[in-house]
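Secondary and tertiary structure notes
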Amino acid sequence: MRFRLLFLFVLLMVIGLQACNKNNDSLITFHTPFGEMKAILYDQTPGHKANFLKLAASGAYDSTTWHRVINDFMVQGGDLAEVGMPGKANKTIPAEFRQELFHQKGAIAAARKGDNVNPKKASSACQFYIVDGKRVSKTELVANMNAVNHYLTKYMPEVPGYDSVLYKLNDIYHQDGLEAYNDEIFKLIPVMEDRFDVKLTKAGYPEARVKAYETIGGVYHLDDEYTVFGQIVEGLDVIDQLAAVETGAGDKPRKPVYIKITVEEMSKKKLSKTFGLQYTEEGTVNVPLEVIKADYSKAKK
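Keep in mind that what you see is a predicted model, and the values were worked out from it rather than measured.

On to the packing of helix α5 (residues 145–154) against helix α7 (residues 178–196), then. Put simply, α5 and α7 touch, their axes get as near as 11 Å, and they point 70 degrees apart. Between α5 and α7, the angle falls in the class roughly perpendicular. Contacts between α5 and α7 involve M145, V148, Y151 and L152 on the former and, on the latter, I185, F186, L188, I189, M192 and F196.

Looking now at the sheet that holds strand β3 (residues 66–70). With antiparallel pairing, the eight strands of this open sheet are ordered in space as β3-β4-β8-β6-β9-β2-β1-β10. Both edges of this open sheet fall to β3 and β10 (260–267), since each of them pairs with a single strand only. When strand polarity is set aside, the average angle formed by the axes of neighbouring strands in this sheet is 25 degrees. The sheet contact formed by strand β6 (residues 107–110) and strand β8 (residues 128–131) spans three bridges and is antiparallel. Following the sheet pairing, A110 is matched in β8 by F128.

We now examine the packing of aromatic side chains. Per the counting criterion, the structure on display carries 15 aromatic pairs. Residues F30 and F52 carry aromatic rings whose centres are separated by 6.3 Å and whose planes lie at 55 degrees to one another, so their mutual orientation is tilted. With a gap of 22 residues between them, F30 in strand β1 (residues 24–32) and F52 in helix α2 (residues 46–58) connect regions that are remote in the sequence. The class of F30 is buried, set by a relative accessible area of 1%. On the basis of an interplanar angle of 80 degrees and a centroid distance of 6.1 Å, the ring pair of Y129 and Y226 is categorised as edge-to-face. With a gap of 97 residues between them, Y129 in strand β8 and Y226 in the loop between α8 (207–215) and β9 (228–234) connect regions that are remote in the sequence. Note on Y129: relative accessible area 4%, which makes it buried. Sitting above the plane of the Y226 ring, R112 keeps its charged end 4.4 Å from the centroid.

Bringing the environment of S137 into the picture now. With respect to the helices, strands and loops of the structure, S137 is situated in the loop between β8 and α4 (138–142). The spacing of S137 and K211 is 74 residues in sequence and 9.5 Å in space, taken between C-alpha atoms.

Locating H221 in the fold gives a position in the loop between α8 and β9. The spatial distance from the C-alpha of H221 to the C-alpha of Y162 is 30 Å, given a sequence separation of 59 residues.

Since one α-helical turn is 3.6 residues long, residues separated by three or four positions face the same way. Buried within α5 we find A147, V148, Y151 and L152. Each buried residue of α5 sits inside an arc of 135 degrees when the element is viewed along its axis, so together they form one side. Along α5, the residues that are exposed and aim more than 90 degrees away from the buried face are N146 and T153. Contacts from the buried residues of α5 go to α6 (162–176) and α7.

Here we come to the nonpolar core. Core analysis: the biggest nonpolar cluster contains 65 residues, and F30, F52, Y61, W66 and F128 have the highest contact counts within it. With five residues, the single largest contributor to this core is helix α9 (residues 236–243). Leaving out residues up to four positions away in the same chain, F30 has contacts with G35, E36, M37, A39, F52, W66, I108, F128, I130, I232, K260 and I261. Formed by 16 residues, the second largest nonpolar core is a distinct cluster that contains V148, L152, Y162 and L200.

Turning next to the pairing of β8. Burial along β8 is two-sided: F128 and I130 and Y129 and V131, pointing in opposite directions, are all buried. Sheet analysis places strand β4 (residues 74–77) next to β8, joined by four bridges and oriented antiparallel. Opposite G77, over in β8, you have F128 as the bridge partner.

Mapped onto the secondary structure, R112 falls in the loop between β6 and β7 (123–124). Reaching out from R112, the side chain makes a polar contact with the side chain of D115 at a distance of 2.8 Å. Of the polar contacts made by the side chain of R112, one reaches the backbone oxygen of E225; its length is 2.7 Å. Look past the residues within four positions of R112 in its chain and what remains in contact with it is N118, K121, A122, S123, S124, E225 and Y226.

A separate point is the packing of α6 against α7. In contact at an axis separation of 7 Å, α6 and α7 are set at 150 degrees when each is read in the N-to-C sense. The angle between the axes of α6 and α7 places the two elements in the roughly antiparallel class. Packed against α6, whose contacting residues are V165, K168, L169, I172, Y173 and D176, the element α7 presents L178, A180, Y181, E184, I185 and L188 at the interface. For the contact of α6 with α7, a count of residues per class yields nine nonpolar, no polar and three charged.

Conventions adopted
- Residues numbered from 1 in each chain as written.
- Predicted model: local features only at pLDDT ≥ 70, side-chain atom pairs only at ≥ 80, totals over all residues.
- Heavy atoms only, no water.
- Axes fitted to C-alpha atoms, helices over the stretch in contact; angles between N-to-C directions.
- Helix = DSSP H or I, 4+ residues; strand = E, 2+ residues; numbered from the N terminus.
- Parallel < 35°, antiparallel > 145°, perpendicular 65-115°, else oblique.
- Contact = heavy atoms within 4.5 Å.
- Pairing = 2+ DSSP bridges.
- Phe/Tyr/Trp six-rings, centres within 6.5 Å; stacked < 30°, edge-to-face > 60°.
- Buried < 20%, exposed > 50% of the residue type's maximum accessible area, 1.4 Å probe, protein only.
- Lys NZ or Arg CZ within 6 Å of the ring centre and 35° of its normal.
- Arc of directions from axis to C-beta.
- Core = buried A, V, L, I, M, F, W, Y, C linked by side-chain atoms within 4.5 Å.
- Polar contact = N/O pair within 3.5 Å; in protein donor to acceptor, adjacent residues only side chain to side chain.
- Nonpolar A, V, L, I, M, F, W, Y, C, P; charged D, E, K, R; others polar.

This is the structure we're talking about:
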């Protein structure tokens, strides 16, 4: 009888803990010299979420640095080899790609080795980055660049007056760089579509990605190549300041910028009320674009 009562007590405790865990989530805070960034991690990427929480809660990341910083691109950190843990630094976890999770501003994603030695795109089990990025037009997002280049090189040279366009493109490339050159190419896409009666854009590009990249920006060419597993929900302006620090060789900040991360368990109800998050019946979280836009707009005022 006593054994049965003890078993029932333990069972009730387990059920209670499960219910508590189901109603709670973890709020991540990145502490930096420029302020705090608060983030949520996605249940849709359970392997990455559990791994990051374990390392962050144990303090493993504290005293590592943001060791690779590129303005308008991303800030990267979490190399445990910096703090004498090379064994953990070399571990990987399987990729977890989800169409609804992409590289909009503030996205948290896992770094990894290149495809030539990592064809399955497995993630580093410790290194991560936060997206800075920039706004991108829908034309650029949906452009079929193979087709664009085909018409530029094969058919456009036959168009009267194209020589002057070519000279202009060449000048832009040499004077202003590749980015400005590509911007001019994107402007030519509707012109070529109209003249040759062709479609030079890709169908089926997710509308949610278009809206995000056009409004808050990001780094779209990393989508479905690196696993996105979290999102900054407060403190987006801190990313801009981090990404703008002076760097030297290898995009490493000249003055070390150290990482400190804290983890706080909080009810999903409070997280929703505080940060505008949306939790589904299954418990997965959605960070509405309007929430991210509001935080960034507020910080810019």
